[in-house]
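# Fold and contact review
Each chain is listed here by its residues.
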Amino acid sequence: MKHREFLSKLEHESIVQAIRDAEARTSGQIRVFVSHKAAPEALPAAQKQFDRLRMYKTKQRNAVLIFVAPVSQTFAIVGDAGVHAKCGEACWQDIASEMSTHLKAGAFTTAIVHAIRRAGDLLAEHFPPNKDDRNELPDGVIDG
């Protein structure tokens, strides 16, 4: 699927609202990146974007990136060092499996919103909100 076609099928407001709802329950940060390039190996591509976006700069190293490359029909979920230490690899595999089911059905927004909610649940469990929290990263879908 072409990048623009995928983006046009997303309900951007629903995704942004899901991010805001998830982040209201945690000190963690969530971003969504839709690549215009093919990424046959989605995990290294996601990690590259995570670093390029400087998502490792969050106070508690608790950011999560949901990366989608529609051209190659691949995706990955990357958690920063603090998140990975608390959650481990298995949680990302579970979320990815659920996300894959929705993507295969063509429910693109549902797939992303589901992944955001699940990541938000994990972040809320391990990184509760603090009274001095602030939104450290923008909430919109990144078109890259």
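The structure this text deals with has already been given above.
Everything numeric in this text was worked out from a predicted model, so none of it was measured.

Secondary structure summary: the protein chain contains five helices and four strands in total. Each helix (α) and strand (β) of the protein chain, taken in turn from the N terminus, gives the series α-α-β-α-β-β-α-α-β. Over its C-alpha trace the protein chain gives a radius of gyration of 14 Å, about what one expects of a compact globule, namely 15 Å for 144 residues. Across its three principal directions, the C-alpha atoms of the protein chain cover 40 × 30 × 25 Å. For the protein chain, buried positions account for 47% of its 144 residues. Of the contacts formed within the protein chain by residues at least 6 apart in sequence, a portion of 72% connects residues at least 24 apart. Summed over its atoms, the accessible surface of the protein chain is roughly 7300 Å², and 50% of this surface lies on carbon and sulfur atoms.

So, on to the sheet that holds strand β1 (residues 29–34). The strands that make up a sheet are held in pairs by hydrogen bonds between backbone atoms, and each pair lies either parallel or antiparallel. Across the sheet, four strands lie side by side as β3-β2-β1-β4; this open sheet has mixed pairing. The sheet terminates laterally at β3 (74–79) and β4 (141–143), the two strands that pair on one side only. Neighbour to neighbour, the strand axes of the sheet diverge by 20 degrees on average, direction disregarded. Across the sheet, helix α4 (residues 81–104) touches β2 (63–69) and β3, and the angle it forms with β3 is around 155 degrees.

Right, let's talk about the pattern of salt bridges for a bit. In total, this model carries seven salt bridges according to the counting rule given. Between Asp139 and Arg20 there is a salt bridge whose closest N-O contact spans 3.4 Å. One end of the pair, Asp139, is in the loop between α5 (108–126) and β4; the other, Arg20, is in helix α2 (residues 12–23), and 119 residues separate them in sequence. A relative accessible area of 47% means that Arg20 is categorised as partly exposed. Asp132 is the salt-bridge partner of Lys59, the closest N and O atoms lying 3.2 Å from each other. You can see Lys59 sitting in the loop between α3 (42–52) and β2 and its partner Asp132 sitting in the loop between α5 and β4, a full 73 residues away along the chain. The same class applies to Lys59 and to Asp132, which are both exposed.

Our next topic: α5. The terminal C-alpha atoms of α5, which comprises 19 residues, lie 27 Å apart, in line with the 27 Å expected from a rise of 1.5 Å per residue. Considering only its buried residues, α5 is in contact with α1 (3–9), α2, β1, β2 and α4.

Quick notes on the rules
Within every chain, residues take consecutive numbers counted from 1 along the sequence as written. Per-residue local features of the predicted model are confined to residues with pLDDT of at least 70, and side-chain atom pairs are confined, for both listing and counting, to 80 or more; whole-chain, interface and lining totals are unaffected and use all residues. To get the side-chain values, all heavy atoms of the structure are used, and hydrogens and water are removed first. Counting from the N terminus, the helices are the DSSP runs of H or I reaching at least four residues and the strands are the DSSP runs of E reaching at least two. In this setup the radius of gyration rests on C-alpha atoms only. A globule is expected at 2.2 Å times the number of residues raised to 0.38. Throughout this description, buried means an accessible area under 20% of the type-specific maximum (1.4 Å probe, protein chains only), exposed means over 50%, and partly exposed covers the range between. Residue contacts follow a heavy-atom distance rule, with two residues in contact if any of their heavy atoms lie within 4.5 Å. Values of accessible area rely on a 1.4 Å probe in the Shrake-Rupley scheme; residue burial ignores everything except the protein chains shown. Two strands pair if DSSP finds at least two bridges between them. Note on geometry: axes are C-alpha line fits, over the in-contact stretch for helices, and angles between N-to-C directions span 0 to 180 degrees. The working definition used for a salt bridge is a side-chain nitrogen of Lys or Arg within 4 Å of a carboxyl oxygen of Asp or Glu. Helix span, expected: 1.5 Å multiplied by one less than the number of residues in the helix.

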